[in-house]
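Structural overview for review
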Amino acid sequence: MLLSDVLAIKGKTLYTISPQKTLADALALMSEQDVGSLVVIECGALVGILTFREALAAINAAGALWQGVLVADAMLRDPAVGDPRMDLYELRTHLVDYHQRYLPVVESGVLQGLVSFHDVARAVLEEQGFESLILRNFVRNWPDEVLPIGKPSMHCSDC
């Protein structure tokens, strides 16, 4: 399974925000849309990502004045990005190595979407469920005249 497959399962809906918006604006959008991150876009380009982790750190640092903090001052700048051709092992390693729960997907400089650890887990479960279904169907429909290796024959001449 590739990152592009995870993105296809998850969907390409993106929630974005300008770096000049306030943290209060960002948290209101995240709450309304029930998402844990926003892609920060400036002049059509990815410049950062804002997750609850960065938001909480900024709130903690700003104290009572947190609502006026700009997204630009709270976001993770230049986040690691994933290529749609990454396989799942490389994707999971990338997320862990960069300590990111959310990964923008970029192909030829164009933002394609965003995946989270949750999206990766859901895609893996769906893939494993499908493979399990195929294997169970294969075993269930095994021809009677073909015996699996290691299974004794029921047509023994010594019986």
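Cut-offs and rules
Position labels on residues start from 1 in each chain and follow its written sequence. Reporting of local features is limited, given that this is a predicted model, to residues whose pLDDT is at least 70; pairs of side-chain atoms are given and counted only at 80 or more, and all residues count toward the totals for whole chains, interfaces and linings. Only hydrogens and water are set aside; all other atoms, that is, all heavy atoms of the structure, feed into the side-chain values. Strands here are runs of E lasting at least two residues and helices are runs of H or I lasting at least four, both read from the DSSP assignment and numbered beginning at the N terminus. Remark: exposure states derive from per-residue accessible area (1.4 Å probe, protein chains only) relative to the maximum for the residue type, with buried under 20%, exposed over 50%, and partly exposed in between. Contacts: residue pairs with any heavy atoms within 4.5 Å of one another. Each accessible area value is a Shrake-Rupley result obtained with a 1.4 Å probe; residue values ignore everything except the protein chains displayed when judging cover. Think of a salt bridge as a Lys or Arg side-chain nitrogen and an Asp or Glu carboxyl oxygen that are within 4 Å of each other. Here a strand pair is declared whenever DSSP counts at least two bridges between the two strands. Between N-to-C directions, angles cover 0 to 180 degrees, with each direction set by a line fitted to C-alpha atoms, over the stretch in contact for helices. To be clear, the arc concerns the directions from the helix axis to the C-beta atoms. The nonpolar core is taken to be a set of buried Ala, Val, Leu, Ile, Met, Phe, Trp, Tyr and Cys residues, with the residues joined through side-chain atoms within 4.5 Å.

The helix and strand inventory of the protein chain stands at six helices and six strands. Secondary structure of the protein chain in N-to-C order comes out as α-β-α-β-β-α-α-β-α-β-β-α. Buried residues in the protein chain amount to 32% of all 159 residues. Considering only contacts in the protein chain between residues 6 or more positions apart, those separated by 24 or more positions represent 56%. In the form shown here, the protein chain has an accessible surface area of approximately 10200 Å², with 56% of it arising from carbon and sulfur atoms.

On to the pattern of salt bridges. Throughout the structure, instances matching the rule amount to two salt bridges. D83 is the salt-bridge partner of R85, the closest N and O atoms lying 2.9 Å from each other. Of the charged contacts, one joins R85 and E107 as a salt bridge, the two residues approaching to 3.2 Å between their closest N and O atoms. Of the two residues, R85 is situated in the loop between strand 4 (76-77) and helix 5 (88-97) and E107 in strand 5 (residues 102-107); the sequence distance between them amounts to 22 residues. Taken together, the salt bridges that share partners define one network made up of D83, R85 and E107.

Strand order in the open sheet formed by four strands is 1-2-3-4, with mixed pairing between adjacent strands. Looking along the sheet, the strands with just one partner apiece sit at the ends: strand 1 (16-17) and strand 4. The strands touched by helix 3 (residues 52-62) are strand 3 (45-51) and strand 4; relative to strand 3, the strand with the most contacts, the crossing angle is about 70°.

Okay, the side chain of H94 next. The topology assignment puts H94 in helix 5. Non-local contacts of H94, meaning those with residues more than four positions away in its chain, are made with A80, V81, M86 and L103.

Attention now moves to helix 3. Since the α-helix packs 3.6 residues into each turn, any two residues three or four apart lie on the same face. Taken together, the buried positions of helix 3 are E54, A55 and A58. Looking straight down helix 3, one finds that the buried residues subtend no more than 100° of arc, so they occupy a single side. The exposed residues of helix 3 that point more than 90 degrees off its buried face are L56 and N60. Next to the buried residues of helix 3 lie helix 2 (23-33), strand 3, helix 4 (71-74) and strand 4.

Judged by nonpolar contacts, the single largest core of 16 residues is most densely connected at L23, V40, L50 and V71. Within the residue set of this core, elements represented by two or more residues are helix 2, strand 2 (37-42), strand 3, helix 3 and helix 4. Here this core gets four residues from one element, more than from any other, and that element is helix 2. By size, the runner-up hydrophobic cluster in this structure holds 14 residues, among which are A80, L103, V120 and V124.

Inspection of helix 2 places L23, A26, L27 and M30 among the buried residues, and these make up the whole buried set. Seen along its axis, helix 2 keeps its buried residues to an arc of 95°; they face one direction. Against strand 1, strand 2, strand 3, helix 3 and helix 4 lie the buried residues of helix 2. A positive phi of about 55° marks D34, the residue just after helix 2.

Our next topic: the environment of I49. Locating I49 in the fold gives a position in strand 3. On the accessibility criterion, I49 (2% relative accessible area) is buried. As for I49 and V39, which are separated by ten residues in sequence, their C-alpha atoms are 4.7 Å apart. Other than its neighbours up to four places away in sequence, I49 contacts S37, L38, V40, E54, M75, L76, P79, Y102, P104 and L114.

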